[in-house]
Amino acid sequence: MTFPGAGRLGSPSVPALVRTRLRAAVRRPSSLTPEEVQDRALLLRLLSLLLQYPDAELTAARPTVAAAVQALPPSPAAAELAAFSAWFTTQEPDALERHYVEMFDLRRKSSLYVTYYLHGDTRRRGMALLTLARRYRAAGWEIGGGELPDHLPVVLEFAALAGPRAGEAPLRQHRRGLELIHRALGDADSPYRHVLAALLSLMPPATDADLRAVAELAAQGPPAEEVGLAPYGWGEFAPPDAFVPPEQDPPGPTRPASPPEDSR
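Each residue is numbered by its place in its chain's sequence as written, counting from 1. Selection of residues for local features in this predicted model requires a pLDDT of at least 70, selection of side-chain atom pairs for listing and counting requires 80 or more, and totals for whole chains, interfaces and linings are taken over all residues. Side-chain measures here rest on the full set of heavy atoms in the structure, leaving out hydrogens and waters.

## Topic: the overall build of the chain
Reasoning step 1: Helix and strand labels come from DSSP, where a helix needs a run of H or I of at least four residues and a strand needs a run of E of at least two; each type is numbered from the N terminus. Across its full length, the chain carries 14 helices and zero strands.
Reasoning step 2: Each helix and strand of the chain, ordered N terminal to C terminal, gives the series α-α-α-α-α-α-α-α-α-α-α-α-α-α.
Reasoning step 3: Put simply, the chain has 264 residues, and 52% of those count as buried.
Reasoning step 4: Should any heavy atoms of two residues lie within 4.5 Å, those residues are considered in contact. A separation threshold of at least 6 residues defines the contact pool for the chain, and within that pool the share at least 24 residues apart is 71%. Throughout, exposure labels follow a simple rule: accessible area from a 1.4 Å probe, protein chains only, divided by the maximum for the residue type, with under 20% read as buried, over 50% as exposed, and the rest as partly exposed.

Right, dumping it as C-alpha cells:
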C-alpha cells in the first residue's frame, strides 16, 4: 500500500529508500528535548513503515530496517520492535503477505482503520474521516488518494511529521481502538502485537475507564447503522478499491479499505 508523503517514495536503492522513510521531520515544539523529539519521530516512522503491507519493496528493505531498529536507543518500544524484527526478517515474503492480510484485512477487531472502533460504520465515521483530512491539510500535508486518512500507518506518519502535541492527538483520541487491536493481535499470537505494544508504550498508561471500554468494545463491537457514508465525507477519501457501504454494489476489492465482515 502506498500514500504520498508517507513512505513509498521513489529512490534508487534500498538504503536510500529507508533513510528517506525514517528521516525525522518534526514541525511542532514540545516539552521534550530536540534529541528526544527526533528519537520519537524515528520510532513513529518505523511503526508506520512496519504496519504497511509487506510488498516486494518493503521485504527487500528488511535488512536495513532491522539495522535501524537495532540502532534505536534502549526503551520499551525499541525492545518490542526488536522482537518483531527478529520474526519479520526471517519470514518468506509470501508468508508475510498472507499473515498481514489475515490479521488486518480479514478481522474486524484488528483492522487498522482506527475511526471504525469509535464510530463503526455510521455517519459519524464519515465526519471523523473529514476531520482527520482537514487536520492534515492544515498542517500542510496531503496524503493523496491512495489510503484513507484513518489508516494507522497514515496516522503514525502524521504524528512523526507534526510532532508530539498536535501530531499525536489523533493517536490519543483513538487510544481505546489501539488497545483493542493490540489485544486482538495478542489473542491471535501475531508478532504484530509487538508493533502495537511499542506504540502503546509511547502513550500514557490506559485508565480503568479505558480498559472497561475496550472490554465492552471487544464484546459488543462498535456502533452500526444502516446508512451510507458518502454524504458525510467518505467518498472524498475512498481509494478505487475501497469498501462500499451495504446499500451500494461493492466493487469486489482484493484488499478492502474498511473493516471486513469477519467479526473475529
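## Focus on the pattern of salt bridges
Two side chains with opposite charge may pair up if their charged atoms get near one another.
Reasoning step 1: Think of a salt bridge as a Lys or Arg side-chain nitrogen and an Asp or Glu carboxyl oxygen that are within 4 Å of each other. Scanning the entire structure with this criterion turns up eight salt bridges.
Reasoning step 2: Between Arg98 and Asp94 there is a salt bridge, with the nearest N and O atoms lying 3.4 Å from each other. Here Asp94 and Arg98 lie together in helix α6 (residues 93-105), a separation of four residues that amounts to about one turn.
Reasoning step 3: With relative accessibility at 42%, the residue Asp94 sits in the partly exposed group.

## Topic: α6
Reasoning step 1: Between its first and last C-alpha atoms α6 spans 17 Å; for 13 residues at 1.5 Å apiece the expected length is 18 Å, and the two agree.
Reasoning step 2: Among the residues making up α6, those that are buried are Leu96, His99, Tyr100, Met103, Phe104 and Asp105.
Reasoning step 3: Close packing links the buried residues of α6 with α3 (56-60), α4 (62-70), α5 (76-88) and α11 (175-187). Multiplying 1.5 Å by the residue count of a helix minus one yields the expected span of that helix.

## Topic: the packing of helix α2 (residues 34-50) against helix α9 (residues 152-162)
For any two helices packed against each other, the geometry is given by the interaxial angle and the distance between the axes.
Reasoning step 1: Comment: axis = line fitted to C-alpha atoms, over the contacting stretch for helices; angle = value between 0 and 180 degrees taken between N-to-C directions. One can describe the packing of α2 onto α9 by two numbers: an axis separation of 8 Å at closest approach and a directional angle of 165°. Here α2 lies roughly antiparallel to α9, going by the angle between them. Crossing angle aside, the handedness with which α2 passes α9 is left-handed. For the pair α2 and α9, the contacting residues are Ala41, Leu44, Arg45, Leu47 and Ser48 in the first and Pro153, Leu156, Glu157, Ala159, Ala160 and Leu161 in the second.
Reasoning step 2: Here the nonpolar group is Ala, Val, Leu, Ile, Met, Phe, Trp, Tyr, Cys and Pro; Asp, Glu, Lys and Arg are the charged ones; every other residue, Gly included, is treated as polar. For the contact of α2 with α9, the class distribution of residues is eight nonpolar, one polar and two charged. We call two directions roughly parallel when the angle between them is under 35 degrees, roughly antiparallel when it is over 145, roughly perpendicular when it lies between 65 and 115, and oblique otherwise. By convention the crossing between two helices is left-handed if the near helix lies anticlockwise of the far one by an angle smaller than a right angle, and right-handed if it lies clockwise.

## Quick word on the nonpolar core
Reasoning step 1: Take the buried Ala, Val, Leu, Ile, Met, Phe, Trp, Tyr and Cys residues and link them wherever side-chain atoms come within 4.5 Å; each set so joined is a nonpolar core. Leu152, Leu171, Leu178 and Tyr192 are the most contacted members of the largest nonpolar core, which has 59 residues in total.
Reasoning step 2: The leading source of residues in this core is α9, at nine residues.
Reasoning step 3: Contact partners of Leu171, with chain neighbours within four places excluded, come to Leu44, Leu152, Val155, Leu156, Ala159, Leu178, Leu199 and Met203.

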